[in-house]
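# Structural overview for review
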Amino acid sequence: MLRFFTISIILLCGFTAYAKQLKFTLDGRAQGTTYHVHYYASQALITQKMIDSTLHVIDESMSLYKKSSLISRFNEPGKCSMAIDSHIKNVIQQSFTVNKESKGIFDITVKPLVALWGFGAAHITTFPKQATLDSVLAFVGMDKLALRGSTLCKSDPRVAIDLDGIAQGYSVDVLADLLEKHGIRNYLVELGGEIKTKGAKANKVPFEVAIERPTGAEGSRFVLQLSNRAVTTSGNYRKAYNYAGKRIHHHINPIDGYPSQNNVASVTVIAKTAMEADAYDNVFMALSATEGVTFANRRKGMEVYIIYTEGNTYKEAFSKGFSRYIKN
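Scope of this entry: the structure provided in the associated data block. Nothing here was measured: the structure is a model prediction, and the numbers come from that model. (Residues numbered from 1 in each chain as written. Predicted model: local features only at pLDDT ≥ 70, side-chain atom pairs only at ≥ 80, totals over all residues. Heavy atoms only, no water.)

Moving on to the overall build of the chain. The helix and strand inventory of the chain stands at eight helices and 16 strands. A burial count over the chain gives 52% of its 328 residues as buried. Long-range contacts, defined as pairs at least 24 residues apart, comprise 62% of the intrachain contacts of the chain with a sequence gap of at least 6. A total accessible area of about 15,300 Å² is found for the chain, and carbon and sulfur atoms account for 51% of it. (Helix = DSSP H or I, 4+ residues; strand = E, 2+ residues; numbered from the N terminus. Buried < 20%, exposed > 50% of the residue type's maximum accessible area, 1.4 Å probe, protein only. Contact = heavy atoms within 4.5 Å. Areas by Shrake-Rupley, 256 points an atom, 1.4 Å probe, with all protein chains shown as cover.)

As judged from the three bridges shared by strand β4 (residues 81–83) and strand β6 (residues 151–154), these two strands associate in the antiparallel manner. Residue pairing across strands places A83 opposite T151, the latter belonging to β6. Bridging between strand β5 (residues 145–148) and β6 involves four bridges; their strand directions are antiparallel. Bridging from a neighbouring strand, L147 pairs with L152 of β6. Counted between consecutive antiparallel strands, the loop separating β5 from β6 contains two residues, among which G149 sits at a positive phi close to 65°. (Pairing = 2+ DSSP bridges.)

Taking strand neighbours across the sheet as the criterion, the eight strands line up as β2-β3-β7-β8-β11-β14-β15-β16 in an open arrangement whose pairing is antiparallel. The open sheet is flanked by β2 (22–30) and β16 (313–318), the only strands paired with a single partner. Neighbour-to-neighbour, the strand axes of this sheet turn through a mean angle of 10°, independent of strand direction. Pairing geometry for strand β11 (residues 230–235) and strand β14 (residues 264–271), over six bridges, is antiparallel. (Axes fitted to C-alpha atoms, helices over the stretch in contact; angles between N-to-C directions.)

In structure tokens:
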């Protein structure tokens, strides 16, 4: 039996101050998880209320748990078009890009399929039949969405979108923009394990993030040194259940309607923005380790670390530039 391990991102932040640069930390809860904002400045420049208010606005836009949110209203049966705000527009535009570059692997219209496999509001008691999957696949696909200015349209009123695979990373970028607007140039923002950094700690050392490694790997973890980069992780242990002797994962293939079945256990993605890293970690989870490394090597500014299984053993794969971020 394979023993599933936990991937955790540990923030390694200094607490020193120099040249009147003090460290400030804001912690809280949002989007069903926790957030931590660390920044360096000569004085406090943002408040907890500012962080919470920013995240509340994003929830009112993209939270599937709020019936009054824009995304919930767009997903209502019979709705064919709706005016959207800048948050959804930014995420939709990035989603179209990732969908094209991944050849359809990343697809925000998989919400009905996610529900069929028990990852929505209700759990399943039997696997969906092929006829049921085929009927739902008829209105899955980002070719059924169109963005016309600030209006989002769907060609089939049954189309429903799920932005969970990209929205949290986007939220991190929005918080980073909030810090930037208040003159903060050295910070680390973390929300639910999605991280974005800028500048360095007060001792001029890059921000450090520890990544746990599987049992048997050289060392129990390695430390990434990041500046002006984002990092996210995704794993098949987070949203999964055992059913009829199979491990069912929440990463659904939008092409055939079935949960992805490969030997990738987790991925860690480094990119320029948290939204980009968050979106592409879904793609890497659907590819084989070899395909994932090749995919990353073709993209400027993106690196990936993949943990996969081979028999009863965990193995690792790295894109060609990932080692540049590992602390010696």
